[in-house]
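Chains, contacts and geometry: an overview
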Amino acid sequence: MLYLIGLGLGDAKDITVKGLEVVRRCSRVYLEAYTSVLTVGKEALEEFYGRKLVVADREEVEQEADNILKDADISDVAFLVVGDPFGGRKIYEPPRYMSVNQAAQQLLEIVQNQRIRGEEPAVTEETLCVGLARVGADDQKIAAGTLRQMCTVDLGEPLHSLIITGGSIHPMEMEMLSLFSIPENSSESQSINGL
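Note that the structure is predicted; figures quoted are calculated from it, not measured. (Residues numbered from 1 in each chain as written. Predicted model: local features only at pLDDT ≥ 70, side-chain atom pairs only at ≥ 80, totals over all residues. Heavy atoms only, no water.)

Turning our attention to the overall build of the protein. Secondary structure assignment for the protein yields seven helices and nine strands. Computed over the C-alpha atoms, the radius of gyration of the protein is 21 Å, more than 25% above the 16 Å expected from 2.2 N^0.38 for a compact globule of 195 residues. Referenced to the eigenvectors of the C-alpha coordinate spread, the extents of the protein come out at roughly 65 × 35 × 30 Å. Within the protein, buried positions represent 36% of all 195 residues. Of all intrachain contacts in the protein linking residues separated by at least 6 positions in sequence, the fraction that spans at least 24 positions is 69%. Put simply, the protein shows about 12100 Å² of open surface, and 52% of that area lies on carbon and sulfur atoms. Separation between the mean location of the 18 positive side-chain charges and that of the 31 negative ones in the protein comes to 5 Å. (Helix = DSSP H or I, 4+ residues; strand = E, 2+ residues; numbered from the N terminus. Rg over C-alpha atoms; globule rule 2.2 N^0.38 Å. Buried < 20%, exposed > 50% of the residue type's maximum accessible area, 1.4 Å probe, protein only. Contact = heavy atoms within 4.5 Å. Areas by Shrake-Rupley, 256 points an atom, 1.4 Å probe, with all protein chains shown as cover. Lys, Arg positive; Asp, Glu negative; His and termini not counted. Charge placed at Lys NZ, Arg CZ, Asp CG, Glu CD.)

In structure tokens form, the structure reads like this:
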């Protein structure tokens, strides 16, 4: 049997229990290594899974799939995919990721366009936002500040998320966000510490 197993987007422990059981009993385990970014290396996966992985690059997956399928009718073979194994597209392009900076800049353009049209935007340059990068990974980063500040904050490598707060924020939430606040005088790109 050929098993397609999603690894999630975080670290080696994001695999499901059933997925881990399958990986440990397969005769061969391939790691698809070209359509997404894994926050840990192959070695960390091998250590956690307790077995060696064969890195399958784009050429092997697309041109030499017979090698992966070989003997899958008489033994178990696993094909590990970062994220969801069924979330792929038929058009293979290099992976692209939107950063918090790009998202904030695009939102600011929308705000400006709404004002030009005479509309009052629900989100403004001063709306409190939270930028996140690589949540759950050892090098995760969190930054809290205005939408304008999110245009310059440096959260490093993907994957990024941008949260736009709405309505009133509870004092406990504000206290927590203050731990990750961007200094108000920040006009240049800066790095924010993780947890």
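Across the protein, the average pLDDT comes to 87, with 91% of residues at 70 or higher. Mean pLDDT per element in the protein: strand β9 (residues 190–191) is the minimum at 44, and strand β5 (residues 128–133) is the maximum at 97. Confidence drops under pLDDT 50 across residues 187–195; counting only partners more than four residues distant or on other chains, this segment forms 25 contacts. (pLDDT = per-residue confidence, 0-100.)

With 17 residues, helix α5 (residues 100–116) extends 24 Å between its outermost C-alpha atoms, agreeing within 8% with the 24 Å of an ideal straight helix rising 1.5 Å per residue. Looking at α5, one finds that the buried residues are Val100, Asn101, Ala103, Ala104, Leu108, Val111 and Gln114. Projected onto a plane normal to the axis of α5, the buried residues spread over an arc of 160° and lie on a single side. Buried residues in α5 make contact with β5, α6 (147–150), β7 (153–154) and β8 (160–164). A positive backbone phi angle near 85° is found at glycine 118, which sits one or two residues after α5. (Expected span 1.5 Å × (residues − 1). Arc of directions from axis to C-beta.)

Before going further, it helps to spend a moment on the sheet that holds β8. Strands sit in the order β6-β5-β8 across an open sheet of three strands; the sheet is antiparallel. The open sheet has two edge strands, β6 (141–146) and β8, and neither has a second partner. Averaged over all neighbouring strand pairs, the angle between strand axes comes to 15°, with direction disregarded. Together, β5 and β8 form the strand contacts of α5, whose direction differs from that of β8 by roughly 40°. (Pairing = 2+ DSSP bridges. Axes fitted to C-alpha atoms, helices over the stretch in contact; angles between N-to-C directions.)

Time to look at the sheet that holds strand β4 (residues 77–81). Taken in spatial order, the four strands of this open sheet run β1-β4-β2-β3, and their pairing is parallel. Edge strands, defined here as strands with exactly one partner in the open sheet, are β1 (2–6) and β3 (54–56). Strand-to-strand, the axes of this sheet are offset by a mean angle of 30°, without reference to chain direction. Where β1 lies against β4, five bridges are found, and the strand directions are parallel. Directly across from leucine 2, in β4, lies its bridge partner valine 77. Relative to the sheet, helix α1 (residues 17–25) contacts β1, β2 (28–32) and β4, its axis offset from that of β1 by approximately 135°.

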